[in-house]
Every structure is written in structure tokens, then in C-alpha cells.
Amino acid sequence: MEFECIILEIKEKVGLITLHRPKALNALNDQLMNELGSALKSLDSNEAIQCIVITGSEKAFAAGADIAAMANYSFMDTYKGDYITRNWETIRQIRKPVIAAVAGYALGGGCELAMMCDFIIAAENAKFGQPEIKLGTLPGAGGTQRLPRAISKSKAMDMCLTARMMDAAEAERAGLVSRVVPQEMLLEEAMAAASTIASMSLPIVMMIKESVNRAYETTLSEGVHFERRLFQASFGTEDQKEGMAAFLEKRSAVFKNQ
Ligand code: HXC
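Residues numbered from 1 in each chain as written. Predicted model: local features only at pLDDT ≥ 70, side-chain atom pairs only at ≥ 80, totals over all residues. Heavy atoms only, no water.

Brief notes about the nonpolar core
Judged by nonpolar contacts, the single largest core of 47 residues is most densely connected at Leu19, Ile54, Phe61, Phe128 and Leu176. No other element matches the six residues that helix α1 (residues 30-44) contributes to this core. If you look at the next biggest cluster of nonpolar residues, it comprises 18 residues, including Leu16, Ala101, Ala190 and Ala193. (Core = buried A, V, L, I, M, F, W, Y, C linked by side-chain atoms within 4.5 Å. Buried < 20%, exposed > 50% of the residue type's maximum accessible area, 1.4 Å probe, protein only. Helix = DSSP H or I, 4+ residues; strand = E, 2+ residues; numbered from the N terminus.)

In C-alpha cells, the structure reads:
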């Protein structure tokens, strides 16, 4: 597959996608989002891959949807044609874990894309924001929904209504990101986390992702019920037998993804 707006690399069991429109601070246009969707789907169906990392540049993870591309769209373009957001949901179909490694700006759609990933590791220079209000519009790829779930209603309202940016330290305190690391360590740390996940049993990893995501979609009792079924299902895997035998035999587990 030939890509122009992203770079796709395979590093052992990890697929690394780098957003690459440096002149526009990785502004997310249709082509980039199409390429990202294709790359994600190809990694998800590649049996050799067990985890995915999405990153940007040192200056910008992504500075948002491409303002130049959408400035003149009409309501019909955006509603009937679904021009802006039509290819933004592919990432939600991905069943393997996706880690966002964020340095620099993650604004608007860039912040929303990071939040669509399973967790975010941030560099110390990361800045998150939903500045759409300054453009006369609002977050359109989940920002008003995922931010309150991630960081509370009060902080989400503050960010979406004032357009202020949140730095990495505040984002970590608020729970938006799972860890903050020095900028030069960002990719190393994200790839190490991805490699750790990739050393586990893939079907169990997928079950955990599915179960944690369920917490956002359902009641506590339904979510616990769903988790219980997957927990029970794990006892039907060879990897559960191997994992527990390895512990009892005081050796490392060798998972077969079965
Ligand atoms: C198109 C963008 C862009 C964007 C930056 N650029 N962000 N182009 N869409 N979102 C371009 C600039 O036009 C400029 O191009 C080049 O990238 C460098 O940007 P500068 O502004 O010169 O850099 P700097 O002064 O360092 O400021 C960085 C910045 C600023 C603070 C990130 O660029 C900025 O405010 N960008 C817009 C952020 C934003 O409003 N995002 C939300 C978009 S709406 P030239 O050709 O002049 O060099 C959105 C809605 C999502 O995301 C809805 C769901 C899909």
C-alpha cells in the first residue's frame, strides 16, 4: 500500500503509524483519514501484529481537522455528503489495542483522534485542546462526549467553551493521558508499552479491550455481567492454561494466541 499522509512501519509485533503532513501540522484531511483507516484495518487483520501505535511529529500529533479543506463546505456537504467525518470511525472497528503517542499539539480533531485510541502516552510538550468554538463550530468527532467521560464535565466544558489548551501535566492529573514522559523518550516508551501488550495472549488482550470499552456503553451491572462472561470464556483458551501453568512452574508463559 502506498501512503502519502502517513508512514506505516512494522516493528516486530507492533504496527507504528506516523501521521505525516508536516507542513500543515498533520491537519487531518480526507486523504489522511482514509489512509489511516486503511492502515489500521490492514494491521488489524495481520496475524503477525498484536498492538498498534499512532504518533505524529515533535511539534504536532495533529492540529485538528483540515480547516482549509472544510472552510467552504455547506450544511448539505457535511450532512448529506458526510464530507468531514465520513472516514473517522474506522478506528472504532479496530479490535487490537491502539496507543496514541502524543507530542506537541493535539487540537480539535487531533485531540478527538487521540481520545479514540485506547490510551494516550504524552510527551512533556503535549498540548490538548478543543478550539473549534473559535472557528464558529464545535467538536465533531466525539470531543464533547469523550472529554467529559475522560476528565469530568467541568473541565470538558472549560476546554470546549474557552478553547484553552491543557498541558501534559494537567492532562495527566485529569486522567486524559496515562503517562507523561520526556519528549525524547516518547516513542521508546510507547513502543515498549506496545511490545509488552504484544507479548500477551492476543485473544485475551482483545477481550480486555472489549470489556473496558463496554464500561462506556452500559450500566455497571450489565458491564460486570459482560466482563464475567469473557472471564469465563478465557478458561476456554489454551493461553489461560499456559499462563497459569507457567506461573505454577515458575517460568515465563509462551502464548500461542489460541
Ligand atoms: C489546516 C493547519 C491547521 C489546521 C495548522 N495548519 N493547523 N492547516 N488545518 N487545523 C497549518 C497553518 O495554516 C500553517 O500553514 C501551518 O500549519 C503551520 O501552522 P502555524 O499556525 O503557522 O503554526 P504555529 O504558529 O506554531 O501555531 C500552531 C497552532 C495553530 C497553535 C496549532 O496552527 C492553530 O491554531 N491551528 C489550528 C488549530 C485548530 O483550530 N484546530 C481545530 C480545527 S477544527 P501555512 O501554509 O500558513 O504555513 C477541528 C474540527 C474537528 O478539528 C471536527 C471533526 C472532524
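Next comes the rest of the account.
Let's talk about the sheet that holds strand β2 (residues 14-19)
Strand order in this open sheet of six strands is β1-β2-β3-β5-β7-β10, and the pairing throughout is mixed. What marks the edges here is a single partner per strand, and that holds for β1 (6-11) and β10 (179-181). Pairs of neighbouring strands in the sheet enclose a mean axial angle of 20 degrees, with direction left out of account. In terms of strand pairing, strand β5 (residues 98-102) meets strand β7 (residues 119-123) through four bridges, oriented parallel. Note on β7: the bridge partner recorded for Ile99 is Phe119. Against the sheet, helix α8 (residues 186-198) contacts β1, β2, β3 (51-55), β5, β7 and β10, and its axis sits at roughly 155 degrees relative to β7. (Pairing = 2+ DSSP bridges. Axes fitted to C-alpha atoms, helices over the stretch in contact; angles between N-to-C directions. Contact = heavy atoms within 4.5 Å.)

Some remarks on the domain arrangement of the chain
According to the domain assignment, the chain consists of domain 1 (6-198) and domain 2 (202-249). Here the C-alpha centre of domain 2 lies 27 Å away from the C-alpha centre of domain 1. Listed as interface residues are eleven residues of domain 1 and, on the opposing side, seven residues of domain 2. The tally of links from domain 1 across to domain 2 stands at one salt bridge. For Asp118, the salt bridge is made with Lys209, and the minimal N-O distance between the two is 2.8 Å. The tally of links between domain 1 and domain 2 comes to three residue pairs in polar contact (both at pLDDT 80 or more). (Domains from an automatic or database assignment. Salt bridge = Lys/Arg side-chain N within 4 Å of Asp/Glu carboxyl O. Polar contact = N/O pair within 3.5 Å; in protein donor to acceptor, adjacent residues only side chain to side chain.)

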